[in-house]
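A structural walkthrough
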Amino acid sequence: MTSILERLKARAAALQIEVHTLYIASRDPRTPWLAKALLFIVLAYALSPLDLIPDFIPVFGILDDLIIVPAGIKLALKMIPSDVLENARQAATQNQIQIPALGKIGMTAIILVWILVAAWIIWRLYL
């Protein structure tokens, strides 16, 4: 009987391969630009230390991570041609590829969204 820790390690390894697969597929010229843009946004959001809805807000703080990221990845996977995905999956399992830090870009985007929301609220309250 496998322990919970072993199952979590296996899932983490599979997730790492899928992230590498998505990164490789996003760099392939056969991948549609819309899928590339969606992958960039989703991965930057997932790797960003900030969220649109902070995690301390009950229910909604966690739901955005549980809904937005998987839904975006699933949609992007449907947009990528199957042969590109298969080639990317093979490349991801054969070697470890360094993924650039998208966290800073994602964090910057989230900060800009919060600044725009705050500016809009202030504008609506005072004008």
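Structure first, text after, so check above.
Scoring rules and cut-offs
Residues numbered from 1 in each chain as written. Predicted model: local features only at pLDDT ≥ 70, side-chain atom pairs only at ≥ 80, totals over all residues. Heavy atoms only, no water. Helix = DSSP H or I, 4+ residues; strand = E, 2+ residues; numbered from the N terminus. Contact = heavy atoms within 4.5 Å. Areas by Shrake-Rupley, 256 points an atom, 1.4 Å probe, with all protein chains shown as cover. Expected span 1.5 Å × (residues − 1). Buried < 20%, exposed > 50% of the residue type's maximum accessible area, 1.4 Å probe, protein only. Arc of directions from axis to C-beta. Core = buried A, V, L, I, M, F, W, Y, C linked by side-chain atoms within 4.5 Å. Salt bridge = Lys/Arg side-chain N within 4 Å of Asp/Glu carboxyl O. Patch = residues over 30% accessible without salt bridge, like charges linked within 9 Å, V, L, I, M, F, W, Y side chains within 5 Å.

Take the overall build of the protein chain next. When its secondary structure is counted, the protein chain shows 5 helices and 0 strands. Each helix and strand of the protein chain, placed in order from N terminus to C terminus, yields the pattern α-α-α-α-α. For the protein chain, restricting intrachain contacts to residue pairs at least 6 apart in sequence, the fraction spanning at least 24 positions comes to 75%. Accessible surface for the protein chain amounts to roughly 9200 Å². Of this, 72% is attributable to carbon and sulfur atoms.

Here we take up helix H3 (residues 60-79). For H3, with 20 residues, the first-to-last C-alpha span of 28 Å sits near the 28 Å given by 1.5 Å per residue. Listing the buried residues of H3 in full gives Gly61, Asp64, Val69, Gly72 and Ala76. The buried residues of H3 occupy an angular sector of 90 degrees when projected down its axis, which confines them to one face. Relative to its buried face, H3 has exposed residues pointing more than 90 degrees away, namely Leu66, Lys74 and Lys78.

Counting residues in hydrophobic clusters, the biggest one holds 16 residues, and the most contacted among them are Ala25, Leu39 and Ile80. Mapped onto this core, the elements with two or more residues apiece are helix H1 (4-27), helix H2 (33-47), H3 and helix H4 (82-94). Considering each element in turn, this core owes the most residues, 5 residues, to H2.

All told, the structure shown has 2 salt bridges when counted by the stated rule. We note a salt bridge from Arg30 to Asp28, for which the minimum N-O separation is 2.9 Å. A residue is classified by how much of its surface remains accessible, and Asp28, at 15% relative accessible area, is buried. Among the salt bridges present, the one from Asp83 reaches Arg30, with a minimum N-O distance of 3.3 Å. Of this pair, Asp83 sits in helix H4 while Arg30 sits in the loop between H1 and H2; the two residues are 53 residues apart in sequence, bridging distant segments of the chain. On the accessibility criterion, Asp83 (40% relative accessible area) is partly exposed. For Arg30, a relative accessible area of 41% corresponds to the partly exposed category. Salt bridges linked by common partners bring Asp28, Arg30 and Asp83 together as one network.

Below, the discussion takes up a nonpolar patch on the surface. Together, Ile53, Phe56, Ile57, Val59, Phe60, Ile62, Leu63, Leu66, Ile67 and Ile68 give the surface a local cluster of nonpolar side chains, amounting to about 960 Å² of exposed area. Relative to the helices and strands, Leu66 is located in helix H3.

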